[in-house]
Amino acid sequence: MIDTDAYKKITETLKPLQTLLVAVSKLKPVSDIQEMYALGQRDFGENYIQELAEKQALLPADIRWHAIGHLQTNKVKYIASFVQLIQSVDSEKLLKEIDKQAAKNNRKINCLLQVHIAEEETKFGFNEAELAELNFSAYPNVVFCGLMGMATFTDDKEKVKKEFLYLKNIFDKMKEKFSKDMPILSMGMSDDYLLAAACGSNMVRIGSLLFGKR
Ligand SMILES: *Cc1c(COP(=O)(O)O)cnc(C)c1O
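So, here's what we can say about the structure. Keep in mind that this is a model prediction, so the values were computed, not measured.

1. Concerning helix α2 (residues 30-38)
Those residues of α2 lying buried are D32, I33 and M36. Projected down its long axis, α2 shows its buried positions confined to an angular sector of 100°, all on one face. Backbone geometry just after α2 places G40 at a positive phi near 110°.

In structure tokens, the structure reads:
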């Protein structure tokens, strides 16, 4: 069961902020996605590749699928033909494989570079120095669309805000440096999406507020 009221409230809140909602449907049934699709939602995010591929095969072709979880290189091939945006690119090894699979499928694949902004070591992502050294031209079949980050899991809003502003700062610097079109800054989840939007996010990934607890 999806929370229709929450969906309407969130989309109305995000519209004037020009922030795109990615509905995170991981571990939720296909019927939930169909319900939200009927409300007009087209961008859905999934963490687990097998689940993503299975759902994609069952659901309307105009859904834009976002891969948002840590992605193993050997799984890229299962989503390379259709994925809209891989938000969780966290290594050059993965970039290399995405580039290869994109070429195989005669397409370019949109990617966000995940940046490690949280305190937890368990979270993935590049740090600022690694980003600065990235050789973008080595991956001609990858379209670099921007950055993604996850804040520390904490009630301390000031800390979360600091992390979001840090990522926004890196985003702005990179846009300037590469003077190319990198439009997307994906940050914010159920607990912190308003704060993220206030800190400059233009894409939020919301799961439990829409679909209930997992
Ligand atoms: C699960 C997940 C989300 C959604 O989390 P909620 O707290 O349920 O909104 C967002 N981003 C990533 C990367 C996730 O893994």
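2. A look at the packing of aromatic side chains
Two aromatic rings are characterised by how far apart their centres lie and by the angle between their planes. Applying the stated criterion to the full structure yields 2 aromatic pairs. Each ring, one from F44 and one from W65, has its centre 6.1 Å from the other, and the planes form 40°; the classification is tilted. Taken together, the residues span a long stretch of sequence, with F44 in strand β2 (residues 43-46) and W65 in strand β3 (residues 64-67) at a distance of 21 residues. Given a relative accessible area of 2%, W65 falls into the buried group. Measuring from ring centre to ring centre gives 4.4 Å for F136 and F144, while their planes differ by 75°; the resulting arrangement is edge-to-face. The ring of Y37 has R42 lying over it, and the distance from NZ or CZ to the ring centre is 3.5 Å.

3. Some points on the pattern of salt bridges
What the rule picks out here adds up to 10 salt bridges. One salt bridge in this structure joins D62 and R42, with 3.3 Å as the shortest N-O distance. Taken together, the residues span a long stretch of sequence, with D62 in the loop between α3 (49-58) and β3 and R42 in the loop between α2 and β2 at a distance of 20 residues. For D62, a relative accessible area of 40% gives the class partly exposed. Between E97 and K100 there is a salt bridge, with the nearest N and O atoms lying 3.9 Å from each other.

About the thresholds
Residues numbered from 1 in each chain as written. Predicted model: local features only at pLDDT ≥ 70, side-chain atom pairs only at ≥ 80, totals over all residues. Heavy atoms only, no water. Buried < 20%, exposed > 50% of the residue type's maximum accessible area, 1.4 Å probe, protein only. Helix = DSSP H or I, 4+ residues; strand = E, 2+ residues; numbered from the N terminus. Arc of directions from axis to C-beta. Phe/Tyr/Trp six-rings, centres within 6.5 Å; stacked < 30°, edge-to-face > 60°. Lys NZ or Arg CZ within 6 Å of the ring centre and 35° of its normal. Salt bridge = Lys/Arg side-chain N within 4 Å of Asp/Glu carboxyl O.

Everything listed is a geometric property; what it means functionally is a separate question.
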